[in-house]
Amino acid sequence: MIADFGWIRPEPHGIHILPADSWIDPSRPVDRALVTHGHADHARGGHGTTVATPETLAIMKLRYFTDEGATPASYGETIALKGGVSATFIPAGHVLGSAQILLERAGERVIVTGDYKRRPDPTCPPFEVTPCDIFVTEATFGLPVFVHPPIEEEMAKLLQRLADNPERCVLVGAYALGKAQRVIAELRRAGHVAPIWLHGAMERMCRLYEEFGIGLGELRLVSDARKEDLRGGIVICPPSALNDRWSRRLPDPITAMASGWMRVRQRARQRNVELPLVISDHADWHELTRTIEEVNPAESWITHGREEALLRWCELNQRRARALALVGYEDEDD
Amino acid sequence: MEEFAALVDALVYTTSRNAKLALIADYLRRTPDPDRGWALAALTEALDFPAVKAGTIRALMHERIDPVLWTLSRDFVGDTAETASLLWPDPPREAEPPPSLGETIALLRRMTRVSVMTDLPRLFDRLDSTGRYALIKLATGAMRIGISARLAKVAFAQAFAVPVEDVEEYWHGIDAPYQPLFDWAAHGRPPPDTENLPLFRPFMLAHPLEDGEELDLDDYVAEWKWDGIRVQLVHAGGETRVFSRSGDDISATFPEIAAALDIPAVLDGELLVRGSHQGGEAGGAASFNALQQRLGRKTVSKKMLADYPAFVRLYDALIVEGEDLRALPWAERRARLEVFANRLPQERFDLSAVVEAADFAALGTIRDSARDEAIEGLMLKRRDSPYVAGRKTGLWYKWKRDPLLIDCVLMYAQRGSGKRSSFYSDYTFGCWDGDPDQGAELLPVGKAYFGFTDEELKFLDRYVRTHTVNRFGPVRETDRSLVFEVAFDSVHASKRHKSGVAMRFPRISRIRIDKPAHEADRLDTLKALIRD
Ligand SMILES: [Zn+2]
Ligand SMILES: [Zn+2]
């Protein structure tokens, strides 16, 4: 039966929808692109037309300074493509605007998840389980060692360290799109009302989230602060700034990093992280396997990460699966 | 066990020596006996549980997880203990509460090769993943979190505000969990009785003599500084021990020396190998290379004993027949030593000769003209100096022959190229940026490759692999425990290097396995050699 799905083909530079002459998350410029979410390895610039959620299009405009060819598709809205193919954008729970893309043609259903998670996230609507024949799933954290703890535990760890060190500040490395805003929103949820300090590179994305109605409380820029102001405070910066000269202006920072990779000590040590926070916007091992069980597709295509272990799990559970070798996806600092 | 696991975890994420000291000291202060003593033993890898091996952990995991998933996980994480701690299924709801560290150790000790397969899982079930990680590290005896015995002792001294020299002295001869040590330091009881125990006493050490500095020979006496390894010989309670500079018991490596002292005493001297080959004086000491053949061996063959016979050239006497001489002036101790040495077998002992000179300039000439390969330079000792632990300003000086030698600590190792590509043969080494006991850090000062013989190459490669604390691609970070003597042509100020100095043509002249890392040179010593 899988042979019937000749209209969709994984190629090294993206998922090719042949009759529609369109691509999903292509890693090089194409005429017609469908984009799952705004992370740079999925949302490249330079396409002729780009179909994505309005939030994703806004994020892309922030990065590429143009919205030429932007074609918005809201959650739940079905868009007709050429060749009898239609596309529906369904929440993926990954970051603001992130979507799974459901492709349908002559009764055949394929879902491309992009990136996703199953945990609640105050900054985006939750993943919706949708039945399909072929389920193209990410596997960034596709190893059984990856089990993300409840985010409340990680927040408590962070706030405790802050309370224990009133003369210092906690510097949290967090990916600028999604992770940073989720950490801020979760801090607010945990009752932290003090201003949160931002590295300059974080500002525009946080403002964009606020424009879409996600309240982040009072945010201030580190560049406007005196060293004294930052004592006892939380500073958010991109992971690349953690061990950078930039952090020297901070009062004896405790280096933290919010990432699913922090589950592994060696990864934390490579970044000189003192306070690892296991917070990820990707599905952990249990979420990945549970999602495959719930979606229950005829076949799973595994991409974007540690395909091998998830493939093995499918084999052990008598589920049909294959690994896709797509290029250009990086381990986001997730 | 939870507290200990939290400490291990915090130490993993701490790179600064100072912060590590503070963490351990804090733990020692607030943890009750005997857990804190067990923790100290665990951190310094002084415990051994023969029933638990890395293979035990793998076997347990294979019973619980698909072997393919295990291998994929293990390869990604890079560490068996951590992988197992992460993969172990959550404990059943009605699991027993976590055990104390003392209880954990008692349970581990009772395990046999057979019972371990059921008893260890039961212990895992009582812990969370952080606890399991610490437990596996503890049980398999591979902590590898960069805590040397020295660092633990300094932390202990800090925790209870006692002199680290006293800790050094009392530590030896007491077994884990070191109750008498805590009774003394934490509970104010009298120190452990050391009189009839063959204990190590901390060495008295010398400062380098600065260039241009002159000493009055009325106040200072000169002795040759021999190029062997500094040793302490102790005979007490019917036993003899040979201790290296770091306090390691090397009696088994030099049995002929241990057998030659049978009068109660504590002596300080230089261990050398006899022979005129390789540049030594006739009938005297051979070069360090000859001695190198004898180092690091757990057992010694008859042939080794015959080819490289060891002897000790005595410098000082700390205790003789129950009488502690350490408070006496050097001149009096020397007189006692000269008398005492006559009672020792001449085959194994002689005295380091006093070097007579009319004045300081004449002494310099003597120093420069010394041709003997086994001479490293001169020692200058205040005639009235007591024997005190460590390096006290103004008492002893070393005046090395070649000033452009420095002792550095191995920090990182990388695979070499060509035929060395399978060996970690390129090294980055560093000097202390202050007093390591006060929390100084190592700063890299240079890079060089080493290993001129296959033996050296193999030794270093193994050393790196078994002392790795971190990996960055092809580079391994070591636990900073190995000292290299580095020779170099000159040194210059450099803004590009964090250390502020750049060495010209640094090369590793030898491995100093006899020297503890905290006694490697400081950056200031290197900076003092800048001539531009
Ligand atoms: Zn993403
Ligand atoms: Zn991605």
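Numbers given to residues run from 1 along each chain, matching the order in which its sequence is written. Chain letters start at A and ligand numbers start at 1, both assigned in the order the entries are written. Per-residue local features are limited, in this predicted model, to residues with pLDDT of at least 70; the limit for side-chain atom pairs, both in listing and counting, is 80 or more; totals at the level of whole chains, interfaces and linings are taken over all residues. In computing side-chain properties, one takes all heavy atoms of the structure into account and sets aside hydrogens as well as water.

## Some points on the overall build of chain B
Scanning chain B from terminus to terminus reveals 19 helices and 22 strands. What the globule rule says is 2.2 Å times the number of residues to the power 0.38, and the radius of gyration is computed from C-alpha atoms. For chain B, the C-alpha radius of gyration of 25 Å lies close to 24 Å, the compact-globule estimate for 532 residues. On the principal axes, the C-alpha backbone points of chain B span a range of 85 × 55 × 45 Å. The buried share among the 532 residues of chain B stands at 55%. The contact criterion used throughout is that any non-hydrogen atoms of two residues lie within 4.5 Å. For chain B, long-range pairs separated by at least 24 residues make up 69% of all intrachain contacts whose partners lie at least 6 apart in sequence. Numbered from the N terminus, helices here are DSSP runs of H or I no shorter than four residues, and strands are runs of E no shorter than two. Between buried and exposed lies partly exposed: a residue is buried under 20% and exposed over 50% of the maximum accessible area for its type, with that area taken using a 1.4 Å probe on protein chains only.

## Let's talk about the overall build of chain A
Across its full length, chain A carries 8 helices and 19 strands. Here chain A has a C-alpha radius of gyration of 20 Å; the compact-globule value for 334 residues is 20 Å, and the two agree. Expressed as lengths along the three principal axes of its C-alpha atoms, the size of chain A is roughly 65 × 45 × 30 Å. Out of the 334 residues belonging to chain A, those deemed buried represent 59%. Look at the contacts in chain A between residues 6 or more apart in sequence, and 61% of them connect residues 24 or more apart. The Shrake-Rupley method, run with a 1.4 Å probe sphere, supplies the accessible areas, and residue values consider only the shown protein chains as cover. Accessible surface computed for chain A: about 12,700 Å², of which carbon and sulfur atoms make up 48%.

## Comments concerning the interface of chain A and chain B
Between chain A and chain B, the contact holds 24 residues from the first and 23 residues from the second. Per-residue buried area on chain A facing chain B is highest for Val-145, Arg-265 and Arg-269 of chain A; these three make up 36% of the total on that side. The salt bridge criterion pairs a side-chain nitrogen of Lys or Arg with a carboxyl oxygen of Asp or Glu, the two atoms within 4 Å. If you look at where chain A meets chain B, you find 3 salt bridges. Of all the elements, helix 6 (residues 265-270) of chain A adds the most residues to the side of chain A that touches chain B, at 6 residues. Buried area adds together the accessible area that both of two parts lose upon being put together, with accessible area traced by a 1.4 Å probe.

## Structural notes on the confidence of the model for chain B
Residues with a pLDDT of 70 or more make up 95% of chain B, whose mean pLDDT is 88. On the interface metric, ipTM, the complex scores 0.94, and its pTM is 0.74. Each residue carries a pLDDT value, the predictor's own confidence for that position, ranging from 0 to 100.

## Quick notes on empty space enclosed by the protein
Residues and elements named next belong to chain B. Using only the protein atoms, space was sampled on a 1 Å grid; points where a 1.4 Å probe fits but cannot get out form cavities, open sets with protein on both sides within 12 Å along at least five of seven lines form pockets, and lining residues are those with an atom within 4 Å of a point. Grid points are joined across faces, edges and corners, and a volume is the space filled by probe spheres set on the points. Applying the stated criterion to the full structure yields 3 cavities of 30 Å³ or more. Its boundaries defined by the atoms lining it, the largest cavity holds a volume of some 290 Å³. Among the secondary structure elements, those contributing two or more residues to the lining of the largest cavity are strand 1 (204-205), strand 3 (220-226), strand 4 (229-236), strand 11 (375-382) and strand 13 (396-400). Residues that form the lining of the largest cavity fall into these classes: 7 nonpolar, 1 polar and 14 charged. Residue contributions to the lining of the largest cavity reach at least three from each of two domains, namely domain 2 (204-400) and domain 3 (404-527). Polarity classes work like this: nonpolar for Ala, Val, Leu, Ile, Met, Phe, Trp, Tyr, Cys and Pro, charged for Asp, Glu, Lys and Arg, and polar for all others, with Gly in that last group. In this document the domain limits rely on a domain assignment from an automatic tool or a database.

## Details of the domain arrangement of chain A
All names here are of chain A. Split by domain assignment, chain A resolves into domain 1 (8-145 + 282-323) and domain 2 (151-277). Put simply, the middle of domain 1 and the middle of domain 2, counted by C-alpha atoms, are 29 Å apart. Across the domain 1/domain 2 interface, buried area totals approximately 1,700 Å², and carbon plus sulfur atoms make up 73% of it. If you look at where domain 1 meets domain 2, you find 1 salt bridge. A per-class count over the side of domain 1 that touches domain 2 returns 12 nonpolar, 4 polar and 6 charged.

## Points about the packing of helix 1 (residues 2-12) of chain B against helix 3 (residues 35-43) of chain B
Residues and elements named next belong to chain B. Their axes nearest at 11 Å, the elements helix 1 and helix 3 cross at an angle of 35°. The element helix 1 and its partner helix 3 pack so that their crossing is right-handed. Judged by residue contacts, Phe-4, Leu-7 and Leu-11 of helix 1 engage Ala-39, Ala-42 and Leu-43 from helix 3. An axis is simply a line fitted to the C-alpha atoms; with a helix, the fit covers only the stretch in contact. Between two such axes, the angle follows the N-to-C directions and lies from 0 to 180 degrees. We call a crossing left-handed when the near helix sits turned anticlockwise from the far one by less than a right angle, and right-handed when that turn is clockwise.

## Looking at the domain arrangement of chain B
Where interface size is quoted, it is often the accessible area lost as the parts come together. Residues and elements named next belong to chain B. For chain B, the domain assignment lists domain 1 (2-140), domain 2 (204-400) and domain 3 (404-527). Using only C-alpha atoms to locate each centre, domain 1 and domain 3 end up separated by 31 Å. For the pair domain 1 and domain 3, the two sides together bury roughly 410 Å², of which 38% comes from carbon and sulfur. The tally of links from domain 1 across to domain 3 stands at 1 salt bridge. As a salt-bridge pair, Asp-437 and Arg-17 come within 3.4 Å of each other at their nearest N and O atoms. Each polar contact in these results corresponds to two N or O atoms within 3.5 Å; when the atoms are within protein, one needs to be able to donate a hydrogen and the other to accept it, and residues that are neighboring in sequence are counted only if both atoms are side-chain atoms. Between the two partners, domain 1 and domain 3, sit 3 residue pairs in polar contact (both at pLDDT 80 or more).

## Describing the sheet that holds strand 1 (residues 8-11) of chain A
All names here are of chain A. In this description, strands pair whenever DSSP reports at least two bridges between them. Spatially, 6 strands are ordered 1-2-3-4-5-6 in an open sheet, and the strand pairing comes out mixed. Where the open sheet ends on each side, the last strands, each with one partner, are strand 1 and strand 6 (70-72). Sheet twist, expressed as the mean angle between neighbouring strand axes with direction ignored, is 25°. As paired elements, strand 3 (residues 22-24) and strand 4 (residues 32-34) share 2 bridges and run parallel to each other. Residue pairing for strand 4: Ile-24 is matched across the bridge by Leu-34. Sheet strands touched by helix 1 (residues 54-64): strand 5 (49-52) and strand 6. Its angle to strand 5, the strand with the most contacts, is close to 135°.

## Some points on the nonpolar core
The biggest cluster of nonpolar side chains holds 115 residues, and the ones touching the most others in it are Phe-4, Leu-108, Leu-120, Leu-138 and Phe-156 of chain B. Counting residues per element, this core draws most heavily on helix 10 (residues 149-160) of chain B, at 8 residues. Excluding its chain neighbours within four sequence positions, the residues that come into contact with Leu-120 of chain B are Val-52, Ile-57, Leu-60, Leu-108, Met-111 and Leu-135 of chain B. Here the nonpolar core consists of buried residues drawn from Ala, Val, Leu, Ile, Met, Phe, Trp, Tyr and Cys, with membership extended through side-chain atoms lying within 4.5 Å. The next biggest cluster of nonpolar side chains, apart from the first, holds 36 residues, and it includes Ile-59, Val-170, Ile-184 and Ile-214 of chain A.

## Topic: the pattern of salt bridges
Following the criterion strictly, the structure yields 62 salt bridges over all chains and no others. Where Arg-207 of chain A meets Glu-210 of chain A, a salt bridge forms, and the shortest distance between an N and an O atom there is 3.0 Å. Taken together, the positions of Arg-207 of chain A and Glu-210 of chain A, both in helix 4 (residues 203-211) and 3 residues apart, correspond to about one turn of that helix. Residue classification places Arg-207 of chain A among the partly exposed positions, given a relative accessible area of 32%. Among the ionic pairs, Glu-63 of chain B bridges to Arg-64 of chain B, the shortest N-O distance being 3.3 Å. Since its relative accessible area comes to 36%, Arg-64 of chain B is described here as partly exposed. Each member of the salt-bridge network shares a partner with another, and the members are Arg-17, Arg-150, Lys-153, Glu-168 and Asp-437 of chain B.

## Quick look at the environment of Leu-11 of chain B
All names here are of chain B. For Leu-11, the position within the fold is in helix 1. The class for Leu-11 is buried, based on a relative accessible area of 1%. Each C-alpha atom, one on Leu-11 and one on Ile-145, is 7.0 Å from the other, the two residues being 134 residues apart in sequence. Among all residues touching Leu-11, those that are not within four sequence positions of it are Lys-20, Leu-23, Ile-24, Leu-43, Ile-145 and Ile-147.

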